[in-house]
Structure formats: C-alpha cells, structure tokens
Amino acid sequence: MTKSHRVPADLFRFTTAEGAELHTAVLRAFGLANERLETSLALDDVQLRLKDVGWAEQVTDEELTKSLSALRQWGLVESTQHRYGLTKHGEAAYAGVQHAIQTLTSSGALQTAVLDAIADRLTELQTPTKRAFAALMELEGHVETLQTNTARFNADLQRLLKEEHDLATFQDVKRTTITYLKDFIAGLDARKHRIRDAIGKIPTNVHEQAKEGAGLFQDEDWLRQRTERWLNLKAWFHDTPSKADELQDVARKAIVQLLRVLDRISEQKKRPTNTAADFKALAHWFAKSTEDEAHELFNAAFGLWPARHAHLAHADGELIPSGEPWANTPPVEVSPQLRTTGKQEHIGSTGKIRDVEHIRRNRREQAEKERAELEHAWRQIQTDGPVRISTLTSLDHDTFHRLIDLVGRALGSDPDSTGTRVAGTTDGRMQINLRNARGWATITTQKGTLSGPDYVIDVQSR
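Residues numbered from 1 in each chain as written. Predicted model: local features only at pLDDT ≥ 70, side-chain atom pairs only at ≥ 80, totals over all residues. Heavy atoms only, no water.

A. Fine view of the overall build of the protein. Looking only at helices and strands, one finds 15 helices and eight strands in the protein. The buried share of the protein, taken over its 462 residues, is 30%. Taking as baseline every contact in the protein between residues at least 6 positions apart, the subset at least 24 positions apart corresponds to 61%. Here the protein displays about 31,000 Å² of accessible surface, and carbon together with sulfur accounts for 51% of that area. (Helix = DSSP H or I, 4+ residues; strand = E, 2+ residues; numbered from the N terminus. Buried < 20%, exposed > 50% of the residue type's maximum accessible area, 1.4 Å probe, protein only. Contact = heavy atoms within 4.5 Å. Areas by Shrake-Rupley, 256 points an atom, 1.4 Å probe, with all protein chains shown as cover.)

As structure tokens, this is what we get:
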C-alpha cells in the first residue's frame, strides 16, 4: 500500500502572501543557485541572482531582508552567519513552482517517437548488459513522458470541444487536429503490439541485474519503485484491455466528436430561416415606420426596384443640363442581354474543370523527396559521441542548416549543473547535447562560410 505524504501547510504560502512576486523570484534565485551547486548565498549574492531569474525592478536591502525573513518563517530558507540557503521544504517548493510553470506553458502531444523509444529500450533490456540500469531509467522516463503528454493532450482536446469557436477558426483547428490524430492512430497499432511482445521477452530478474550492474546499495525502496513502474508499463501495453487500447478508443472518439461539432457549427451557419417569423417581423417594422421609411423597407424586403436600365448614363453626361426633361435628351443604348439575363454583358459558358491529378502527383513526389532529404540530413548530423563542430567538414548546405537550427535551439535552453544544454527537434526524433569549448570553428558549404565558437555537440536519435 502506497503511503500518502502530507504537504506542509506553509509550503506554498509565499505564492499568495503580500509580496508574492518577490518571494517567488527570491525562491527561484536560490533554486538556480542550487542547480549551479551553490548551496548558500549572501545578501549581495541574492541581489545578483534576482537579475538572472528575470527580476528587473530595483530591490532594496530592507525589502530583500523582509522577504528572506518571511521565507525563513515558512521554513523554506535557513540562515547561518548571514548566509542563506534552501531547506528541504524550500527545495520542494521550488520544484513545485517549476512544475507548475511548465504545466501552464506546455501543451500535451501524442508522439510516436516516444513509443519507438520505449520499444527500443525494451529490446535492449532483453539481453543483460552493463547498460541495463541506464536503459531501465530511460524506459521509465519515456513511459512517464507518454503518460503526462497523453493526459495533457486529452485535457486540451476536451477544452477544445467545450469552448465556442467561429466556423473559420474551428475548421482550421479541426483540419490539423484530425489529421494529427489519424496519423497517430495509424502507427499506434503496430507499435503497441511490438511493445507488448517485447515486454513478454524481458527476464523476470531484470531489476536485480540493473541494480547489480550499477553497483547500487541494497535498497528495498528502489526495488519497490521499479516494480510499481513496471506494473504501470504493463498496464499501458500488456494488460487486456490496456491503456494504449483506451488511448486508441479516445483518439477515435475525439475524431467523431470534432466532426460532429464542426457539423453543428456549419448547420447553424446555413440553417434556413422561418418564413412565417420573417413576415411577422417585417409586419412589425412596417407598423412602426413612417410612409417614406415604409417605401424603403418595401424595396429592401422585396427587391422591386425601378427599371434595371435606369442606372445607365449618357457617354458624356456633362453635355446634358441637369434640368433638361428626359424626353428631350438623347437615348441611351441598352444591351439586349439586359432583358433576358439582367446583365449588360454577354456571359460565356463555364470553363472546363482543370485536371488536378498531376498537381497531386507532383505534391506527393515533392513530399517524398523532402522526407528522403530529411532522413539523409539526420543520418549525416547524428554523431557517435561528443565531437567538435569544426570536425564536421563534409556537410551539404541543407544538412548544415538543420544542424545550425539544432544548435540554436540548444543555445536557447538553460544549461544544467554540468554546463550542458539539451534540445530536440519538434517531432522528438533527434536530441542534441551541447557544451562550450575553447576555439573557433569555420565551416564551408556550397553557399558560403560560417565562423563561430567551436562547440562540443552530441547528436543522437531518440
């Protein structure tokens, strides 16, 4: 039976008390220092760290001391010889803030790349190796990612179905979401069976082998946690029915729901009006209108306008005085088409419908070509371990462009405690680990030469 831990009453009081924004910034400053292995900070150090977490306002020493005193009172910060550091409760509060921000700013996704990664790690665990511990940890991480992203995606989807949208917006969302769900369902079945077969081939003592291979101490809690997470994995893919089966059903039902909502919105837009109600409303307007207004309303409602050629004018109207009787003015030529068609000009026959099959074929070939180029680029970029950028001398321009995009994503992320920056592609297939290095790199492609810092990179598929 899993033990339930009670959350301390003051753990998150700093987020609602007076000065909550400053309290949160101070806590994040300590959390950032902890990630850099700085366990205690002086008052001046805290001032500097506030700028690192994006606090732009000037904070006096008195305001900062008051905030630190409040955090100490809530048990989040401890003080020794005018230096401050996070307590265990403070570390938990910081982790809670980070998780909350990540949840609020992220959206769920159903990634087939995560399913492939789960299957690959299971295949690796079928034969015990020194990497058994790392493979097991990676496997649990992928399962947790799948579970979290699925829950968020389902919540986002339900909000999409509940919220009101105009037709144009919902059509756009519908097209992308339904296509996304169909692609995911198409690949889920085969991946689901592959994972289920792989689970059946895993040795029963895989956790013991992983623990021994990693040189861990005897830890019953560790084995208990591994057992619980293994049961969660089996619930997802091995049990009957499994959570993956339920996910497949949810995705199919979501497609039907999206189509129904779209039909309902479309029906509301094109639903015919009630003629009797329209005439009653028109009669009500007539009853309240003046004589002149009634004439305008009659013309607007029934379209009985004057003769259709009355808008035609003489070629040079300035030659005819405005007060001249119409019987004395020269006639205006009227096209014979106006009587039969209501229009001046002759309208030709409708043009033939173009055959767009060749356009579709060209687009399909273009998509296949782009896919092949992408696969080739990923194979060229992928490394067998950490390498310097300066050693990559045989890249074509398109591949080099994708590498620079990955490097840019990594530079835009925060470094971990070792100084390594991690980023990935949008589809989750490739991951880059980047570290700073001394030196300067110059890379030449067909379209020019680029010089910059000689980073150490490690690009791997996930």
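Here the narrative resumes.
B. Broad picture of the packing of aromatic side chains. Tallying each qualifying case throughout the model produces one aromatic pair. When the centroid spacing of 6.2 Å and the interplanar angle of 35 degrees are considered together, the rings of tryptophan 236 and phenylalanine 237 count as tilted. Under the relative-accessibility criterion, tryptophan 236 is labelled buried at 5%. Taking relative accessible area as the criterion, phenylalanine 237 reaches 1% and is therefore assigned buried. (Phe/Tyr/Trp six-rings, centres within 6.5 Å; stacked < 30°, edge-to-face > 60°.)

C. The packing of helix H11 (residues 275-288) against helix H12 (residues 291-302), seen in detail. The interhelical angle for the contact between H11 and H12, taken along N-to-C directions, is 160 degrees, at an axis separation of 10 Å. Overall, the two elements H11 and H12 adopt an arrangement that is roughly antiparallel. Here H11 and H12 pass one another in a crossing that is right-handed. Seen from H11, the contacting residues are Phe279, Leu282, Trp285 and Phe286; seen from H12, they are Ala294, Leu297, Phe298, Ala301 and Phe302. The residue inventory of the contact of H11 with H12, partitioned by class, reads nine nonpolar, no polar and no charged. (Axes fitted to C-alpha atoms, helices over the stretch in contact; angles between N-to-C directions. Parallel < 35°, antiparallel > 145°, perpendicular 65-115°, else oblique. Left-handed = near helix turned anticlockwise from the far one by under 90°. Nonpolar A, V, L, I, M, F, W, Y, C, P; charged D, E, K, R; others polar.)

D. Up close: the pairing of strand S1 (residues 77-80). Sheet analysis places S1 next to strand S2 (residues 83-86), joined by four bridges and oriented antiparallel. Bridging across to S2, glutamate 78 finds its partner in glycine 85. From the end of S1 to the start of S2, which pair antiparallel, there are two residues, and glutamine 81 there has a positive phi angle of about 50 degrees. (Pairing = 2+ DSSP bridges.)

E. Local environment of the packing of helix H1 (residues 20-35) against helix H2 (residues 43-52). Contact pair H1 / H2: the axes reach a minimum separation of 9 Å and the direction vectors enclose 95 degrees. Accordingly, the angle class assigned to the pair H1 and H2 is roughly perpendicular. For the pair H1 and H2, contact is made by Ala25, Val26, Ala29, Phe30, Leu32 and Ala33 and by Val46, Arg49, Leu50 and Asp52, respectively. A class-by-class count of the residues in the contact of H1 with H2 yields eight nonpolar, no polar and two charged.

F. Examining the side chain of histidine 23 more closely. As for its position among the elements, histidine 23 is in helix H1. Those residues in contact with histidine 23 that sit more than four places away from it in its chain are Phe14, Glu18, Ser67, Ala70, Leu71 and Trp74.

G. Quick look at a negative patch on the surface. A surface patch of negative charge is lined by Glu291, Asp292, Glu293 and Glu296. For glutamate 293, the position within the fold is in helix H12. Overall, the relative accessible area of 44% leaves glutamate 293 in the partly exposed class. (Patch = residues over 30% accessible without salt bridge, like charges linked within 9 Å, V, L, I, M, F, W, Y side chains within 5 Å. Salt bridge = Lys/Arg side-chain N within 4 Å of Asp/Glu carboxyl O. Lys, Arg positive; Asp, Glu negative; His and termini not counted. Charge placed at Lys NZ, Arg CZ, Asp CG, Glu CD.)

H. Structural view of the confidence of the model for the protein. The share of residues in the protein with pLDDT of 70 or more is 80%, and the mean pLDDT across the chain is 76. Put simply, helix H13 (residues 337-341) is where the protein has its lowest mean pLDDT, 64, and helix H3 (residues 61-73) is where it has its highest, 86. (pLDDT = per-residue confidence, 0-100.)

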